[in-house]
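# Structural description and commentary
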Amino acid sequence: MRGYFVAGNWKMNGSHSANAALIDGIRKGLDRCRDVDIAVCPPAAYLESVGAAIRGSPIALGGQNVCDQDKPGAFTGEIHGSMLADVGCKFAIVGHSERRALYGEDDQRVARKFKAAQASGLVPILCVGETLEQRESDQTEAVLKRQLDAVLDLCGIASFTRAVIAYEPVWAIGTGRTASPQQAQEAHAFLRSMLADRDARIAAPTRILYGGSVKGDNAKELFACADVDGGLIGGASLKAEEFLTICAAAQAQIK
Ligand code: PGA
């Protein structure tokens, strides 16, 4: 019922030439992952050029961040959701742990960003996840609940008919230390149960991605988990072959 979705979060990486080579490489291997929804989220400076490079392919475009303001205006350095939509974005990542930790985005701001993204017709990819300290002190579910409730309370359960969740344990991001399939499944099932508590018919089809050191060689076991519907890929999305191997691992799950 839920198709697989693999999104590449390029973070603050790339250049015109590197992006062109990366998209070219991905496009050449798309027949390995025909039934998987794929998106790339380049830095804002390259959205337009990457948008042009993926034109005519099934690859979708996403922004890595979006302004929480209702309307465009005097907000230096910010990018309004309508602008992301205008340059061809379908998705916007909101609440990535790097934004939360390094740029002070709290749950309320993330919720406003989620709302603003949807108001501009974008599909938010809402990132949630606990730190190592929180996991080790048994707070994982409490943290996920707080992060997801902030969005549910502001935007309502119906908003999840047009949203994607990414479970990204902070301790697994960029560290080479991936959550075990069991840890991922537990967190994903918990998030889905939170949605189901509000509306089971919306919880069932909502896609929940796993993110945090997904690589070509661990994607398969993660994607095999019942509630893992794909991945949000950082470092491994910068290499065409590695990214394609991950997308192909999703394809292999499709019966
Ligand atoms: P990583 O990043 O794959 O490099 O761990 C994932 C993310 O931060 O979205």
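We now turn to the structure provided with this report. (Residues numbered from 1 in each chain as written. Predicted model: local features only at pLDDT ≥ 70, side-chain atom pairs only at ≥ 80, totals over all residues. Heavy atoms only, no water.)

For the rest of this paragraph, the subject is the packing of helix α5 (residues 107-119) against helix α7 (residues 140-155). Interhelical geometry of α5 versus α7 gives an angle of 50° and a closest axis separation of 9 Å. Put simply, α5 runs oblique to α7. For the pair α5 and α7, the sense of crossing is right-handed. Where α5 approaches α7, its residues Asp 107, Gln 108, Ala 111, Arg 112, Phe 114 and Lys 115 are matched on the opposing element by Arg 146, Gln 147, Ala 150, Val 151, Leu 154 and Cys 155. (Axes fitted to C-alpha atoms, helices over the stretch in contact; angles between N-to-C directions. Helix = DSSP H or I, 4+ residues; strand = E, 2+ residues; numbered from the N terminus. Parallel < 35°, antiparallel > 145°, perpendicular 65-115°, else oblique. Left-handed = near helix turned anticlockwise from the far one by under 90°. Contact = heavy atoms within 4.5 Å.)

Here the focus is the site of the ligand. In the neighbourhood of the ligand, 13 residues make up the surrounding shell, with Lys 11, His 96, Glu 168, Gly 174 and Ser 213 lying closest. Separating an oxygen atom of the ligand from a side-chain N or O atom of His 96 is a distance of 2.6 Å. Between Gly 234 and the ligand, the recorded distance is 2.9 Å, taken from a backbone N or O atom to an oxygen atom. When the ligand sits alone it has 280 Å² of accessible area, and the protein chains cover 96% of it. (Near = heavy atom within 4 Å. Polar contact = N/O pair within 3.5 Å; in protein donor to acceptor, adjacent residues only side chain to side chain. Areas by Shrake-Rupley, 256 points an atom, 1.4 Å probe, with all protein chains shown as cover.)

This part is about the layout of surface pockets. Over the atoms a probe the size of a water molecule is rolled, and this reveals where empty space is left. Here the largest pocket defines a volume of roughly 560 Å³. Lining the largest pocket are 22 residues, with Met 12, Gln 64, Asn 65, Arg 99 and Tyr 103 positioned closest to its centre. Here the lining of the largest pocket takes three residues from helix α4 (residues 97-102), the largest share from any one element. Classifying every residue of the lining of the largest pocket gives 12 nonpolar, six polar and four charged. (1 Å grid on protein atoms, 1.4 Å probe; cavity = no way out; pocket = protein on both sides within 12 Å on 5 of 7 lines; lining within 4 Å. Points joined across faces, edges and corners; volume = space filled by probe spheres on them. Nonpolar A, V, L, I, M, F, W, Y, C, P; charged D, E, K, R; others polar.)

What follows concerns the state of the cysteines. By definition, a disulfide is the covalent link that joins the sulfur atoms of two cysteine residues. For the structure on display, the rule yields zero disulfides. Cys 41 provides the cysteine sulfur closest to Cys 89, a residue in no disulfide bond, and the two sulfurs are 7.7 Å apart. (Disulfide = S-S within 2.5 Å.)

This part takes up α7. Look at α7: 23 Å from first C-alpha to last across 16 residues, which is about the 22 Å you get at 1.5 Å a residue. Of the surrounding secondary structure, the elements contacted by the buried residues of α7 are α4, α5, β5 (123-128), α6 (132-136), β6 (164-167) and α8 (181-198). One or two residues past the end of α7 sits Gly 156, with phi positive at roughly 85°. (Expected span 1.5 Å × (residues − 1).)

This paragraph deals with helix α1 (residues 16-28). In this model, α1 (13 residues) spans 18 Å end to end at C-alpha, consistent with the 18 Å of a helix rising 1.5 Å per residue. All of the buried residues along α1 are Asn 19, Leu 22, Ile 23 and Ile 26. Within α1, the buried residues cover an arc of 95° as seen down the axis, which keeps them to one side. Structural note: α1 exposes Ser 17, Ala 21 and Lys 28 on the side pointing more than 90 degrees away from its buried face. Buried-residue contacts for α1 involve β2 (37-41), α2 (47-54) and α11 (240-253). (Buried < 20%, exposed > 50% of the residue type's maximum accessible area, 1.4 Å probe, protein only. Arc of directions from axis to C-beta.)

This structure, assessed with the given rule, holds four aromatic pairs. An angle of 55° between the planes, with centres 6.3 Å apart, marks the rings of Tyr 167 and Tyr 210 as tilted. Of this pair, Tyr 167 sits in strand β6 while Tyr 210 sits in strand β7 (residues 207-211), and the two are 43 residues apart along the sequence. Take Tyr 167 and Tyr 210: they sit in the same class, and that class is buried. (Phe/Tyr/Trp six-rings, centres within 6.5 Å; stacked < 30°, edge-to-face > 60°.)

Another point: the packing of α1 against α11. Between α1 and α11, whose axes approach to 9 Å, the crossing angle comes to 35°. The hand of the α1/α11 crossing is right-handed. Side by side, α1 and α11 meet where Leu 22, Gly 25 and Ile 26 of the first sit next to Ala 240, Phe 243 and Leu 244 of the second. Residue classes in the contact of α1 with α11 are distributed as five nonpolar, one polar and no charged.

On to the pairing of β2, then. Most of β2 is tucked away: four of the five residues are buried. Bridging between strand β1 (residues 5-9) and β2 involves five bridges; their strand directions are parallel. Residue Phe 5 lies in a different strand from β2, and its bridge partner there is Asp 37. The sheet contact formed by β2 and strand β3 (residues 60-63) spans two bridges and is parallel. Its bridge partner lying in β3, Ala 39 is registered against Ala 60. With respect to chirality, the unit in which β2 leads through α2 into the neighbouring parallel β3 is right-handed. (Pairing = 2+ DSSP bridges. Right-handed = clockwise from strand over helix to strand, strands pointing away.)

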